[in-house]
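Fold and geometry: a report
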Amino acid sequence: MDVDTVLTAESYDAAVNAAGCVIEAIKDVMEGKGRNAFCVVRPAGHHAGPQGASEAMVEQGSKTRSHGFCLLSNVAIGAAHAMANRLAARVAIVDFDVHHGNGTEEVIRNLKPWRYKHVADTPLGEVAFDTLAEGPWLTERDSENVFFCSIHGFGEYSTGSPYTGLFYPGLGGATEEPNILNIPLGPKFGTQDFRREKLLPRLHSFKPDLVLVSAGFDGHEADFMNYGLVSLTEDDFFWVTDKLCEVAEVTCGGKLVSILEGGYNTNGGPLSPLARRFICFSPPLLCLSSSTLDLLSPPHASPACPRTCELC
Ligand SMILES: [Zn+2]
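Remember, predicted model here, so these are calculated numbers, not experimental data. (Residues numbered from 1 in each chain as written. Predicted model: local features only at pLDDT ≥ 70, side-chain atom pairs only at ≥ 80, totals over all residues. Heavy atoms only, no water.)

1. Notes on the sheet that holds strand β10 (residues 175-176)
An order of β1-β13-β12-β4-β7-β11-β10 is seen for the seven strands of this open sheet, with the pairing classed as mixed. Strand pairing shows two members of the sheet lacking a second neighbour, β1 (36-39) and β10, which therefore form its edges. Contacting β1, β12 (210-215) and β13 (256-260), helix α1 (residues 11-30) runs over the sheet at an angle of about 170° to β1. Contacting β4 (91-95), β12 and β13, helix α7 (residues 234-252) runs over the sheet at an angle of about 165° to β12. (Pairing = 2+ DSSP bridges. Helix = DSSP H or I, 4+ residues; strand = E, 2+ residues; numbered from the N terminus. Contact = heavy atoms within 4.5 Å. Axes fitted to C-alpha atoms, helices over the stretch in contact; angles between N-to-C directions.)

And the structure:
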């Protein structure tokens, strides 16, 4: 579809199954069949907007409306399903992938009336579209009941040719709107910047009854997709998961569904850097004990879940 989004004959099934997995997980969690869920699915979804590739990229001057490997906005489809079927009335979406969740943000903005502007080349010449569009999931007040936050790399960087330019996708500058919070961390960042607590008070005060997490692991120091600019570690993924689980515990009985976004260093199979990040991400979700963690990943074990519950 573009330079980084390739389709095969199986891509459609994979994309539909990924989104369907998220829907099933949300249903199970909201019906109490599980405390939480982690959907390890591909393709990722957070760069796909309501019209496919993100319109905002065009408006900001991008020549390609890149999908960034994404076909369907899995997390937004899950949120829409939850609200349209009255499984949840207030949904928070938190995206900690190293890249801005521009597609998800565009879907959330689409919940308010907006103008669809597009110029199409036709055999008769250019045709300009300028129409009012609106896509509510349940009611016209949907946008008051969905909170989206993305924490990500942002700005110009240079690591020498060919890696120079705007941190992908070049969007996600600071915003503080009632239902959209972008936290750009600059093109180069690490643990201290990532652990700023700006997001957590907003999440608490929003009082979601379902927390969805776009969990991307490409901010890890060993992941080539951040060009060596970002230096997050397994502990940071443990930390953010633990904090999000804590908010979910307080506001909605722990109802949290995570969906895999980025994370690309899979060399090494079950003990690859990506797999080890899953293990570090999992303890707060599963309340794993430290002895279980030792068995799973001896050289890279993270601290066990600090909370106590009936599963610990
Ligand atoms: Zn990413």
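2. Quick notes on the packing of aromatic side chains
If you walk through the whole model with that rule in mind, you get nine aromatic pairs. Centre to centre, the rings of Phe-96 and Phe-237 are 6.0 Å apart; their planes meet at 35°, and the pair counts as tilted. Remark: Phe-237 occurs in helix α7 and Phe-96 occurs in the loop between β4 and α4 (102-109); sequence separation between them is 141 residues. On the accessibility criterion, Phe-96 (2% relative accessible area) is buried. Of the residues examined, Phe-237 reaches a relative accessible area of 0% and is grouped as buried. The structure contains a cluster of three or more aromatic residues connected by ring pairs, namely Phe-38, Phe-96, Phe-217 and Phe-237. Its guanidinium or amino end placed over the ring of Phe-206, Arg-90 lies 4.1 Å from that ring's centre, counting from NZ or CZ. (Phe/Tyr/Trp six-rings, centres within 6.5 Å; stacked < 30°, edge-to-face > 60°. Buried < 20%, exposed > 50% of the residue type's maximum accessible area, 1.4 Å probe, protein only. Lys NZ or Arg CZ within 6 Å of the ring centre and 35° of its normal.)

3. Regarding the coordination of the zinc ion
Note on metal sites: the ideal angle is 109.5 degrees for four tetrahedral donors, and 90 or 180 degrees for six octahedral donors. Protein-derived ligands of the zinc ion are Asp-97 (OD), His-99 (ND1) and Asp-218 (OD), with the metal-ligand distances lying across 2.0 to 2.2 Å. Each donor residue of the zinc ion lies on the same chain, and together they follow the pattern D-x1-H-x118-D. Taken together, the positions of Asp-97 in the loop between β4 and α4 and Asp-218 in the loop between β12 and α7 put the pair 121 residues apart, joining distant regions of the chain. With relative accessibility at 1%, the residue Asp-97 sits in the buried group. (Donors = N, O, S within 2.8 Å, 3.2 Å for Na, K, Ca; no water.)

4. Concerning helix α3 (residues 74-84)
With nine of its eleven residues buried, α3 lies for the most part within the structure. For α3, the elements touching its buried residues are α1, β4, α4, β7 (146-152), β12 and β13. Looking one or two residues beyond α3, the residue adopting positive phi is Arg-86, at roughly 55°.

5. Examining the pattern of salt bridges
Within this structure, the stated rule accounts for ten salt bridges. In this structure, the salt-bridge partner of Lys-27 is Glu-24, at a minimum N-O distance of 3.3 Å. Taken together, the positions of Lys-27 and Glu-24, both in helix α1 and three residues apart, correspond to about one turn of that helix. Given the relative accessible area of 27%, Lys-27 is considered partly exposed. Of the charged contacts, one joins Glu-105 and Arg-109 as a salt bridge, the two residues approaching to 2.8 Å between their closest N and O atoms. Residue Glu-105 and its partner Arg-109 are both found in helix α4; the two are separated by four residues, about one turn of the helix. We classify Glu-105 as buried; its relative accessible area is 9%. Among the residues examined, Arg-109 registers a relative accessible area of 33% and is labelled partly exposed. (Salt bridge = Lys/Arg side-chain N within 4 Å of Asp/Glu carboxyl O.)

6. Concerning the environment of Ile-77
By secondary structure assignment, the location of Ile-77 is in helix α3. It is 9.9 Å that separates the C-alpha atoms of Ile-77 and Trp-137, two residues lying 60 residues apart in sequence. Not counting chain neighbours up to four residues away, the residues in contact with Ile-77 comprise Ala-19, Ile-23 and Leu-72.

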